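Chain by chain, the residues run as shown.
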Amino acid sequence: MIVGVPKEIKNNENRVAMTPAGVKAMIDNGHQVIIETNAGLGSGITNEEYIAAGAKIAATAKEVFDGSDMIMKVKEPLKQEYDLFKEGQLLFTYLHLAPEPELTAALLEKKVTGIAYETIQLDNGALPLLSPMSEVAGRMSVQIGAHLLEKTFGGKGVLLGGVPGVPAAKVVVVGGGIVGTNAAKMAMGLGADVTIIDVSVDRLRYLDDIFGGRIKTMMSNSYNIAAAVKEADLLVGAVLIPGAKAPKLVKEDMVKTMKPGSVIVDVAIDQGGSIETIDRVTTHDNPSYEKYGVVHYSVANMPGAVARTSTYALTNVTLPYAVQLANKGWVQAVKDNGALAKGVNVAAGKCTYKAVADDLKLPFTPLADVL
Ligand SMILES: NC(=O)C1=CN([C@@H]2O[C@H](COP(=O)(O)OP(=O)(O)OC[C@H]3O[C@@H](n4cnc5c(N)ncnc54)[C@H](O)[C@@H]3O)[C@@H](O)[C@H]2O)C=CC1
Ligand SMILES: CC(=O)C(=O)O
């Protein structure tokens, strides 16, 4: 199989979908790899390193798409990439289709097989290709929140950890999964007063256990969320229902109760956002805006800013699945691997992921019907 890796074009997206180690693994398995020129530079990987590992370098994204059976990317394709899809091509990347009707329509029209990193799911519910980026974004959410709380960035001028004699800032994390746990870890490490809200009592029990009672846990319901949001200096949105649009758990009237200069970082923006007052997806160039006196941050590719770490963390987990897809072809690979099968969101012009079909009001076709 010929595997193509275009350069990412989203604002400040410096990650790349394959490292030289991935190229070598593909070549060792009898495949060919085409990398768009300079695709790795943002992650500190040169064309020469890819060539030494056995890749060919293409001058343009069009050459990569035209010449490849499988495209590996990091972020969901942007509008200027839709025309590059070839009918029947395999696309392996983050897709986040539930909030993206136009991208979904383009993939369906071209009968692209879209396998989304974020919905590949193990039997225990874990999302192995989302987790490393959630670790990165969860940790970044507190680092970014701490900056935005500074007066010069529009914040109320509060130091997360406080100092002796002055109380620490209150950090409220809605969603206690991978993002939430990593946000809590960083916030606690900086000395903040941390509360995590989740809908799963088992998850809250686990968090209480691992943090040794040094954070507070709360059951997710609108009463508790309203009370916690009102007091929060930094609010982190971190909920997920796999594949689906994020539930808007924090309502506009709750945000209005926050003190001026408080900060919201909605990490769940890639699934449409979990905070009602988040009305746009922002970019690393212009990451935050003010609404009701509160600083809002809603960048959908947070890990792109720490690309070197993120590229290696992401490709560590994507490569074994990519090799299965290349070795067996996607149909046999998903028949053999139930976790990978859950990644198939669109195939043969049909939507094969229930939550995406429901959110976009499209007919749902069970994957078995297109295999
Ligand atoms: N903006 C960005 O750059 C990035 C965004 N993300 C996104 O962050 C979000 C969270 O990802 P993960 O932590 O990996 O997901 P996860 O599945 O590990 O955690 C989600 C948590 O939300 C909880 N939850 C579900 N419904 C809830 C409700 N009604 N109330 C409270 N909690 C609820 C679940 O019980 C679970 O513990 C996803 O949308 C993911 O795509 C991840 C990485 C980067
Ligand atoms: C998860 C995701 O969309 C990202 O890492 O950008």
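The chain goes by Alanine dehydrogenase in an unreviewed UniProt entry, where it is assigned to Desulforamulus aeronauticus DSM 10349. Listed under Sequence similarities (unreviewed entry) in UniProt, the entry text for the chain is "Belongs to the AlaDH/PNT family."

A. Inspection of the UniProt feature "active site" (unreviewed entry) in the chain at higher detail. Per the UniProt record, "active site" (unreviewed entry) is found at H96 and D270. What stands out for the annotated residues spanning 175 residues is how close their C-alpha atoms remain, the widest pair being 6.5 Å apart. Here, the largest pocket is lined by H96 and D270 out of the annotated residues. Beyond its immediate sequence surroundings of up to four residues, H96 is in contact with K75, E76, E118, D270 and Q271. Of note, D270 is situated in the loop between strand 11 (263-266) and strand 12 (288-291). Assessed through its relative accessible area of 21%, D270 is described here as partly exposed. Non-local contacts of D270, meaning those with residues more than four positions away in its chain, are made with H96, P99 and A300. Here H96 takes part through its side chain, which lies 3.3 Å from a polar atom of the side chain of D270.

B. Molecular detail of unusual backbone geometry. Despite not being glycine, K111 has its phi angle at roughly 55°, a positive value. Even without glycine at this site, K361 takes up a positive phi of about 55°. Structurally, K361 is set in the segment after helix 14 (354-360). Its relative accessible area of 72% is what places K361 among the exposed residues.

C. Quick look at the layout of surface pockets. The computed volume of the largest pocket comes to approximately 950 Å³. Taken together, 45 residues line the largest pocket, and the ones lying closest to its centre are G177, I178, A238, V239 and L240. Among the elements of the structure, helix 6 (131-148), helix 7 (178-189) and strand 8 (193-198) are those that each provide at least two residues to the lining of the largest pocket. Among the residues making up the lining of the largest pocket, the classes are represented as 25 nonpolar, 14 polar and 6 charged. Residue-level mapping places the lining of the largest pocket at the junction of two domains, with at least three residues from each of domain 1 (2-120 + 307-370) and domain 2 (131-300).

D. Structural context of helix 11 (residues 307-328). For helix 11, which comprises 22 residues, the first-to-last C-alpha distance of 30 Å matches the rise-based estimate of 32 Å (1.5 Å per residue) to within 8%. Burial in helix 11 covers these residues: A307, S310, T311, L314, T315, T318, L319, Y321, A322, V323, L325 and A326. Of the residues trailing helix 11, G329 is marked for its positive phi of about 80°.

E. Geometry of the domain arrangement of the chain. For the chain, the assigned domains read domain 1 (2-120 + 307-370) and domain 2 (131-300). When each unit is reduced to the centre of its C-alpha atoms, the spacing between domain 1 and domain 2 is 30 Å. Contact with domain 1, which involves 19 residues of that partner, is made by 14 residues of domain 2. Interface area for domain 1 against domain 2, summed over the two sides, is near 1,300 Å², with a carbon-plus-sulfur share of 60%. By the criterion of area lost to domain 2, the three top residues of domain 1 are N11, H96 and P99, representing 30% of everything that side buries. The interface formed by domain 1 and domain 2 holds 6 residue pairs in polar contact (both at pLDDT 80 or more) in total. For the side of domain 1 that touches domain 2, the elements supplying multiple residues, two or more each, are helix 11 and helix 14. Tallied by class, the residues present in the side of domain 1 that touches domain 2 amount to 9 nonpolar, 5 polar and 5 charged.

F. Spatial organisation of the pattern of salt bridges. Evaluation of the coordinates by the stated rule reveals 15 salt bridges. Notably, a salt bridge pairs D233 with K156, separated by 2.6 Å at the nearest N-O pair. Pair noted here: D233 is in the loop between helix 9 (222-231) and strand 10 (234-237) and K156 is in the loop between helix 6 and strand 7 (170-174), with a separation of 77 residues, a long-range link. Through salt bridges with shared partners, a single network forms among E8, K73 and E81.

G. Here's a closer look at the site of ligand 1. Among the 27 residues in the neighbourhood of ligand 1, the closest are listed as S134, D198, S220, D270 and M302. Backbone polar atom of I178 to an oxygen atom of ligand 1: 3.0 Å apart, as the coordinates give it. Here an oxygen atom of ligand 1 sits 2.7 Å away from a polar atom, N or O, in the main chain of M302. Here ligand 1 has 870 Å² of accessible area as a free molecule, and 88% of this is covered by the chains.

The rules behind each value
Residues numbered from 1 in each chain as written. Chains lettered and ligands numbered in written order. Predicted model: local features only at pLDDT ≥ 70, side-chain atom pairs only at ≥ 80, totals over all residues. Heavy atoms only, no water. UniProt positions renumbered as here; feature names shortened; annotations may be inferred. 1 Å grid on protein atoms, 1.4 Å probe; cavity = no way out; pocket = protein on both sides within 12 Å on 5 of 7 lines; lining within 4 Å. Contact = heavy atoms within 4.5 Å. Helix = DSSP H or I, 4+ residues; strand = E, 2+ residues; numbered from the N terminus. Buried < 20%, exposed > 50% of the residue type's maximum accessible area, 1.4 Å probe, protein only. Polar contact = N/O pair within 3.5 Å; in protein donor to acceptor, adjacent residues only side chain to side chain. Points joined across faces, edges and corners; volume = space filled by probe spheres on them. Nonpolar A, V, L, I, M, F, W, Y, C, P; charged D, E, K, R; others polar. Domains from an automatic or database assignment. Expected span 1.5 Å × (residues − 1). Buried area = accessible area lost by both parts, 1.4 Å probe. Salt bridge = Lys/Arg side-chain N within 4 Å of Asp/Glu carboxyl O. Near = heavy atom within 4 Å. Areas by Shrake-Rupley, 256 points an atom, 1.4 Å probe, with all protein chains shown as cover.

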